[in-house]
Amino acid sequence: MLELESVFDTQSEVVPWLVKGKLTPLNENGESTNLSRTDLQIINVEKNGGVVFTWKGKKGTTCVGLHDLHKKQNKLLYIFDREVSLISCSVNKERTLLAVSILQFAGRDMPLNTFRPVSRCLTLLIEIHPANNTKVLKAIDSNVKVQFLYQDSDARMLPESHLLIISEDRCIEHIRIRVIIEEGYRAVIQDPDHLPKEIVAEDFFWAQWDTEAQRLFYIVEKESNAVLMCYQFYLDRSNEMLMSLSLGFPLIVTRLSLVNFGYNYFHEEEKSSESLNLQIFTDHAGALSVCYSHPMQNDQEFIYSVILLHYGWRKTFRVSLEKSKCASISDLAFLNVGYYIAVYVPGYFLHLINIQHPNLTCHSLFLSGDDAKVKPWNHQCYALSSDLVLDCHLRKIYKPVLNPQLLMQFMRNSKLVCHQRAAIHCAILYLQCNSVMESQIIHWLCGLSASACADLIQEFIVGTIYRKAISETNALAKLLPCSSLVNWKGDIPGITCTTENILQSAGKRIHDCKVFWEVMNTNVESLKNFECLHKSLDTNSLGRMKSRLLSGMKADARAIRHFTNVLETAKMILSKVDTLSPEERVVPFCQEEDCQQMALIGLMSEKLKEHVLKHAHSLGKKKIDVIVNNYVANLLECIWKIVDTIWKNYGLRTHNLCLSNREEVNSAEFVVFHMMIWVLQAVEGLSLPLPPGYHTIHMVLGARCLPLHSLLHYIDLGLLHPTEQFVTRLIEELDNSEINERFKLSIMARIPKIIEQKICCLWDHPISTSHVARNYVEILLKKRSTQQKSRPIFIRERDTFETEFLPLTYLARILTEVEYEAMNPFEAQQNVDVKFVEEVALKQTFILLGLENK
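A brief report on the enclosed structure follows. (Residues numbered from 1 in each chain as written. Predicted model: local features only at pLDDT ≥ 70, side-chain atom pairs only at ≥ 80, totals over all residues. Heavy atoms only, no water.)

This paragraph deals with the overall build of the protein. What the protein contains, in helices and strands, is 21 helices and 31 strands. Here the protein, with 854 residues, has 54% of them falling under the buried criterion. Sequence-distant contacts, at least 24 apart, represent 60% of the contacts inside the protein between residues at least 6 apart. In the form shown here, the protein has an accessible surface area of approximately 39,900 Å², with 50% of it arising from carbon and sulfur atoms. (Helix = DSSP H or I, 4+ residues; strand = E, 2+ residues; numbered from the N terminus. Buried < 20%, exposed > 50% of the residue type's maximum accessible area, 1.4 Å probe, protein only. Contact = heavy atoms within 4.5 Å. Areas by Shrake-Rupley, 256 points an atom, 1.4 Å probe, with all protein chains shown as cover.)

A few words now on the nonpolar core. Leu352, Leu445, Trp647 and Ile747 are the most contacted members of the largest nonpolar core, which has 129 residues in total. Per-element accounting of this core gives the leading share, 15 residues, to helix 12 (residues 621-649). With near-sequence residues (within four places) excluded, Trp647 lies in contact with Val586, Val587, Leu652, Arg653, Thr654, Leu657, Val672, Met676, Ile697 and Leu701. Counting residues in each nonpolar core, the second largest holds 60 residues, with Val45, Phe80, Leu98 and Ile165 among its members. (Core = buried A, V, L, I, M, F, W, Y, C linked by side-chain atoms within 4.5 Å.)

With that settled, consider the sheet that holds strand 4 (residues 62-68). Spatial strand order, 2-3-4-5: four strands in an open sheet with antiparallel pairing. Either end of the sheet is taken by a strand with one partner, and the two such strands are strand 2 (40-45) and strand 5 (73-80). In this sheet, neighbouring strand axes are inclined to one another by 25 degrees on average, regardless of whether the strands run parallel or antiparallel. Alignment of strand 2 against strand 3 (residues 50-56), held across five bridges, turns out to be antiparallel. Residue pairing across strands places Gln41 opposite Thr54, the latter belonging to strand 3. (Pairing = 2+ DSSP bridges. Axes fitted to C-alpha atoms, helices over the stretch in contact; angles between N-to-C directions.)

Should the charged atoms of two oppositely charged side chains come close, the side chains can pair. Counted under the stated rule, the structure contains 23 salt bridges. Its salt-bridge partner being Lys607, residue Glu610 comes within 3.7 Å of it at the nearest N-O pair. A residue pair is termed a helical-turn pair when its members lie 3 or 4 positions apart in one helix, as Glu610 and Lys607 do in helix 11 (residues 595-615) at three residues. With relative accessibility at 46%, the residue Glu610 sits in the partly exposed group. Members of the salt-bridge network, linked through shared partners, are Asp39, Lys56 and Glu83. (Salt bridge = Lys/Arg side-chain N within 4 Å of Asp/Glu carboxyl O.)

A separate point is the packing of aromatic side chains. Under the definition given, this model contains 21 aromatic pairs. Each ring, one from Tyr311 and one from Trp313, has its centre 5.2 Å from the other, and the planes form 25 degrees; the classification is stacked. Tyr311 gets classed as buried once you look at its relative accessible area, which sits at 4%. (Phe/Tyr/Trp six-rings, centres within 6.5 Å; stacked < 30°, edge-to-face > 60°.)

Let's shift gears to the sheet that holds strand 9 (residues 131-140). The strand order across the open sheet formed by four strands is 6-7-8-9, and the pairing between neighbours is antiparallel. In this open sheet, the two strands that pair with only one neighbour each are strand 6 (85-91) and strand 9. Shown here is a sheet whose adjacent strand axes are inclined to one another by a mean of 20 degrees, direction ignored. Pairing analysis gives six bridges linking strand 6 to strand 7 (residues 97-103), with the strands arranged antiparallel. Bridge pairing in strand 7 links Cys89 to Val100.

The analysis is restricted to geometry; functional conclusions fall outside its scope.
Have a look at this one:
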């Protein structure tokens, strides 16, 4: 699943350039010879993507070059007139100075004539614009690493360069080098004999250079504990000590470890129990992760920890190996994959730890077997602090990337829901999956069991709309949920995890770093925000709000205005949904005014705006309105896309929504019907609205696919919801045969009262006319007050039957009085009055007496 993607290969990107420039060694006949891989060495990688490399040149010379990873260009920096052993090299950003450390061998090689050695290692500062003077910075018996600091501003010529000198006698020095321009082009060192320097760190056991952030991390021992120090370098102001953090374990190492200071080909840099296997990864968003492996107690178990300082957590993992296998701690490597930190033991396991959303363990991937192979990894690959890997054997630089095809294959083959959920989360948020991959995921979801499918559909929906929301503005990254889960307490086979809150201990030792504190506080608060948002948008809360909204609008003018505003917001959102998908849709959603769903759409937008405005008010109300409306529109579009993809996969079209030919049903409709149930359960489980028309289309499919008793059972369970549009179609498309009449009556007995009152007026049937008359009488009698009893009764013209049926005559007079005093509630919609009630009452009486045919 994880692969190493080549970003730099000396054989393909440097050797042709050397041959073309005739910079390769010459043979006895003066002809250029081919360079072997051992003749080319990658020494260092600078901040701006500059790769420093060396090779053996003509006549026994040693050359230093620079490759630009972005422009794919090479440049010759300097040529030594003798063959030298470079163990460290760095060039400043302006390409005017070159710092090198040269290892001088005794006995086996003759000393250099140019540099007469008095020590094992020489550290030099060379002017290279153009090649001019050389300054000896250090001459000691231990190895020395060099590293120039880089500024963040544009590439203008600076008067001062800054250089770090890291010696293996455990001392780090910071040297300031002032550069002046002579004769209009020559960059020379000003006063090279008096370069200002300061000691940054001493007596450390481990150090790492953070190329991107320009930070120096190092570990010292204090009170028998390992203490991590972080030193931030600035070129335009004073340097700053960012933190001093106890790591919580004793230092039992004796060997110095230097990380990301280039590679020394003349000294085998292997991991052992005597050195600390620790690496720190940072990113532009403020994440800071400290990864380290614990000493192995036996060869059957790996223990490693990841301190997520941006969350204030320490996560410790234990991986047990099979009894037939054994491994060494030196095999364990940490890699930066951007969204993840990869813990890799070749041949055993690959653990992708989610560092952006680490609160749920099920969002991390733990792989073994063939899934855990990282190609083309070998034992001479070393991870850099950035997202790069150096292959010292092949002289290549790789970038670890996740293969989408392998991820999809893993997702399809996985049997555990935790693995499937992690794969979906990875595909959507890390790989930024396109429409093709989305369709593949939806197609795969359709083949799962009902319980697993609903959960994973939830993950797919929430992850998709989260990705689209943060693409608009990253300010929402900590305010909106990225997962459908709030908590997860399951287990991942093969690995155990314990989480420790180190926020309090970290707080005492982290210095006043505004940016760091902002990131940590935002991450910690985001977890609380997710819980608050989840509570405010739960099913009961939104359901109660919707019920109050729909019931209060009948009497309260304020509620009516609120309801009107909610519907206007919903209409605005629905108008955006139509423009979001460039593909032709086959499911006819959003073609009816579903008052229930439109109320939920408007209420969700309203609650989200309150939530975002509370925590990100700096965005401004207008921008928040746009962002939230887009968020809800993307939600509806995502649900629409899921159902649309299902329909396309099974070949359904709008002609499958005809109620009159229910006998012509194929198996595909039955499958799609049940899949729409899973989508419904997923959406309603998250208290999210559905596209208007969803329930109508679902009911039509249910009416076509299910026998009546099953259909009614689904309605009673709440899996199907009869809508006004569906019942209207039922009345209009089906005749009044005995079977259809029973079908209609069974459905109408289960529809809400407000829909029932509207539908009865459309159906020409004794039961519906009786129902209309009863509702009319009930409404008029409720309007009759006690004061009206004392008023004279309005006497209308008598009919012939009044003297024959006195109870009905008296009721008719009362209704006439009320109808005269109050507006007829049915007058605007249908021809219903007292005369209508009398006729219906008589007709019902005839039916009850069995006289309807006489």
